[in-house]
Amino acid sequence: MMYAAIMGYGTIGSGVAEILEGSRERIAERAGQEIVLKYVLDLREFPDSPVADRIVHDVKVIEEDEQVGLVVETMGGLNPAYSFVKSCLSAGKHVITSNKALVEAYGTELLQIAREKGVNFFFEASVGGGIPIIRTLYRCLMGERILEITGILNGTTNFILTKMDRDGASFEAALKEAQDLGYAERNPEADVEGHDTCRKIAILTAMMTGKEVHYKDIYTEGITRITDRDFCYARKMGTSVKLFGTSRIVGDQVYARVAPVMIGREHPLYGVSGVFNGILVKSDMLGTSMYYGSGAGKLPTASAVVADMIEAVQNQDRNVALGWGNEQQQMADINTGECRYFVRIEGNLSEGKQKLASVFGQVETFVLDDTDEFAFLTEKISEKCFRELATVLDGEYQSKGSEGIRQIIRVELA
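Residues numbered from 1 in each chain as written. Predicted model: local features only at pLDDT ≥ 70, side-chain atom pairs only at ≥ 80, totals over all residues. Heavy atoms only, no water.

Chemist: Just checking my understanding: could you explain the overall build of the protein for this structure?
Modeler: Each helix and strand in the protein was counted, giving 14 helices and 17 strands. Based on the C-alpha atoms only, the size of the protein along its principal axes is roughly 75 × 45 × 35 Å. The buried share of the protein, reckoned over its 414 residues, is 57%. As presented, the protein carries roughly 17900 Å² of accessible surface, and 47% of it is formed by carbon and sulfur atoms. Averaging the coordinates of the 44 positive side-chain charges in the protein and doing the same for the 59 negative ones gives two points 2 Å apart. (Helix = DSSP H or I, 4+ residues; strand = E, 2+ residues; numbered from the N terminus. Buried < 20%, exposed > 50% of the residue type's maximum accessible area, 1.4 Å probe, protein only. Areas by Shrake-Rupley, 256 points an atom, 1.4 Å probe, with all protein chains shown as cover. Lys, Arg positive; Asp, Glu negative; His and termini not counted. Charge placed at Lys NZ, Arg CZ, Asp CG, Glu CD.)

Chemist: Would you take a moment to explain the packing of helix 7 (residues 155-167) against helix 8 (residues 171-180) for this structure?
Modeler: The packing of two helices is summarised by the inter-axis angle and the distance between the axes. In contact at an axis separation of 9 Å, helix 7 and helix 8 are set at 130 degrees when each is read in the N-to-C sense. Considering the angle they form, helix 7 stands oblique to helix 8. You can see that helix 7 and helix 8 cross each other, and the crossing is right-handed. On helix 8, the residues touching F159, I160, K163 and M164 of helix 7 are F171, A174, L175, E177 and A178. Of the residues in the contact of helix 7 with helix 8, the class split is 7 nonpolar, no polar and 2 charged. (Axes fitted to C-alpha atoms, helices over the stretch in contact; angles between N-to-C directions. Parallel < 35°, antiparallel > 145°, perpendicular 65-115°, else oblique. Left-handed = near helix turned anticlockwise from the far one by under 90°. Contact = heavy atoms within 4.5 Å. Nonpolar A, V, L, I, M, F, W, Y, C, P; charged D, E, K, R; others polar.)

Chemist: Would you explain the pattern of salt bridges in this entry?
Modeler: Here the idea is simple: oppositely charged side chains can pair when their charged atoms come close. In total, this model carries 35 salt bridges according to the counting rule given. As a salt-bridge pair, E109 and K86 come within 3.0 Å of each other at their nearest N and O atoms. Of the two residues, E109 sits in helix 5 (residues 100-117) while K86 sits in helix 4 (residues 81-90), which places them 23 residues apart along the sequence. K86 gets classed as partly exposed once you look at its relative accessible area, which sits at 31%. For E412, the salt bridge goes to R257, with nearest N and O atoms at 3.0 Å. (Salt bridge = Lys/Arg side-chain N within 4 Å of Asp/Glu carboxyl O.)

Chemist: How should I be thinking about the side chain of T157 in this particular structure?
Modeler: Along the chain, T157 turns up in helix 7. Excluding anything up to four places from it in sequence, T157 contacts D191, V192, I223 and L243.

Chemist: When you look at the sheet that holds strand 5 (residues 94-97) in this model, what are you seeing that I'm missing?
Modeler: Either a parallel or an antiparallel arrangement is found when strands of a sheet pair, and the pairing is made through backbone hydrogen bonds. The sheet built from 6 strands is open, its strands ordered 3-2-1-4-5-6 with parallel pairing. This sheet does not close on itself; its edge strands, each paired only once, are strand 3 (55-56) and strand 6 (121-122). In the sheet, strand 1 (residues 2-7) pairs with strand 4 (residues 68-73) via 5 bridges, with the strands oriented parallel. Note that in strand 4 the partner of A4 across the bridge is L70. (Pairing = 2+ DSSP bridges.)

Chemist: Hey, could you run me through the packing of aromatic side chains in this one?
Modeler: Both the distance between ring centres and the angle between the ring planes are used here to describe each pair of aromatic rings. Inspection of the entire model under this criterion finds 10 aromatic pairs. Chaining the aromatic ring pairs together yields one cluster made of Y341, F360, F376 and F386. Across the ring face of Y3, the terminal group of K38 is positioned such that the distance to the ring centre comes to 5.4 Å. Stacked on the ring of Y397, the Lys or Arg K355 has its end atom at 4.2 Å from the ring centre. (Phe/Tyr/Trp six-rings, centres within 6.5 Å; stacked < 30°, edge-to-face > 60°. Lys NZ or Arg CZ within 6 Å of the ring centre and 35° of its normal.)

Chemist: I tried to follow the nonpolar core on my own but got confused; where do I start?
Modeler: Nonpolar side chains tend to gather and get buried jointly when the protein is soluble and globular. By size, the foremost hydrophobic cluster in this structure holds 111 residues, and its most contacted members are I62, F121, F123 and M309. In this view, I62 contacts A5, M7, Y39, L41, V56, V68, V71, C88 and K93; residues no more than four positions away in its chain are not counted. Membership of the second largest hydrophobic core comes to 17 residues, among which are C339, V363, F376 and L393. (Core = buried A, V, L, I, M, F, W, Y, C linked by side-chain atoms within 4.5 Å.)

Chemist: Where do I start with the environment of G92 in this structure?
Modeler: Relative to the helices and strands, G92 is located in the loop between helix 4 and strand 5. Separated by 21 residues in the primary sequence, G92 and I113 have C-alpha atoms spaced 9.3 Å apart.

Chemist: Honestly, the pairing of strand 4 in this entry has me stumped. Any pointers?
Modeler: Within a regular beta strand, the side chains point alternately toward one face of the sheet and then the other, so they alternate between its two faces. The buried fraction of strand 4 amounts to 6 of the 6 residues, a majority that puts the element mostly inside the structure. Two strands pair when backbone bridges link them, and strand 4 and strand 5 are joined in this way by 4 bridges, in the parallel orientation. When the bridges of strand 5 are listed, L70 appears paired with H94. Following the backbone out of strand 4, through helix 4 and into the adjacent parallel strand 5, one traces a crossover that is right-handed. (Right-handed = clockwise from strand over helix to strand, strands pointing away.)

Chemist: Any chance you could explain a nonpolar patch on the surface here in plain terms?
Modeler: On the surface, F276, M290 and Y292 cluster together into a nonpolar patch covering about 270 Å² of accessible area. In this fold, F276 is placed in strand 11 (residues 276-283). (Patch = residues over 30% accessible without salt bridge, like charges linked within 9 Å, V, L, I, M, F, W, Y side chains within 5 Å.)

Chemist: Honestly, unusual backbone geometry in this entry has me stumped. Any pointers?
Modeler: In this structure, P80 follows N79 across a cis peptide bond, with omega equal to 10 degrees. Note on placement: P80 falls in the loop between strand 4 and helix 4. Its identity as a non-glycine residue notwithstanding, D370 has a phi of 60 degrees, on the positive side. On the basis of relative accessibility, which here comes to 83%, the residue D370 falls in the exposed class.

Chemist: Hey, could you run me through the environment of P80 in this one?
Modeler: Taking the relative accessible area as the measure of exposure, P80 reaches 33% and is therefore partly exposed. As for P80 and G8, which are separated by 72 residues in sequence, their C-alpha atoms are 11 Å apart.

Chemist: I'm lost on the pairing of strand 2 (residues 35-41) in this one. Help?
Modeler: The buried fraction of strand 2 amounts to 5 of the 7 residues, a majority that puts the element mostly inside the structure. One ladder, built from 6 bridges, connects strand 1 with strand 2; its direction is parallel. When the bridges of strand 2 are listed, Y3 appears paired with V36.

Structure (structure tokens):
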């Protein structure tokens, strides 16, 4: 019998407790022994809950109980989650977390403590909710060299962009609906500015390279500048706009970014809509594989946590090799990466063709009815070169009283 504790009885923590109780026999069969929830750590009392008699308020109760060999952290944030997880690992207990901020900020240290203590620090639920992407990377694809990971990793932003695409909603209206439905926080900054996606792609990049990666080293754009007019052009072009977290190995360099990307219908992630997540992995032998499912939610995320608990019990006397080491991964300069670009600019297309040709050469152009602008699509070009040319073009238009460039979106088409 393995005794467990849950730190944080919110949405995910209560979901874990629910699964442990409702699927007790199946979990015992697969883990090789029964997993019994002994403690639930929280500041609050839950007198009417099934765990009312197991609530504790002092983490030391868990740390010092030698019967407890397995601890689940679903508190979120860094403090006090970091100190609690560190102390539990140092006490020789396996720790499972769903906390992406914790894994991104302190994963290197916590993985090292787990190795030294011969226990495990698992974090499947920190990326992609219920999608088994972490385990896929260190188990199913262990014989592969991962070349690229691209994902729709945030259900809130994907819901917003889907509403803008399918219903013609403005960003503000789509965000309000997401908030009303509980998909977005009252302060949605972490989602809509791309920070949540960035932490997740940082974790996946560390898994891919075996080296430490920090989200602050990854170029990040959110979706707050995407407009309903962008989607009008996208429909005309047979494309859509998604927020991608991408990490790609090119030669001996690693490029990573978070940004809105315009993709065509042939792209595997084109059909990932609403609050769902999709993750595309390219490797040297398998080629392209895709992982799709619920990226958040009580039971989907708790399911991933319970799977980690079972694996920890199956390996209760040894450390499972996964994660990354202490060496820091150097990220390539985003300016040297290449892409195509969609650009909207105020002005008349017939008058602007000559300017476009003189600055960008051959481009595809697009016009919507009853607008004071036009759009164009460049060929593949480096970020640095594009920015320099865009500055020249923008300056020419602004010098004549135009607003100039209104929008720039990266484009990935087959």
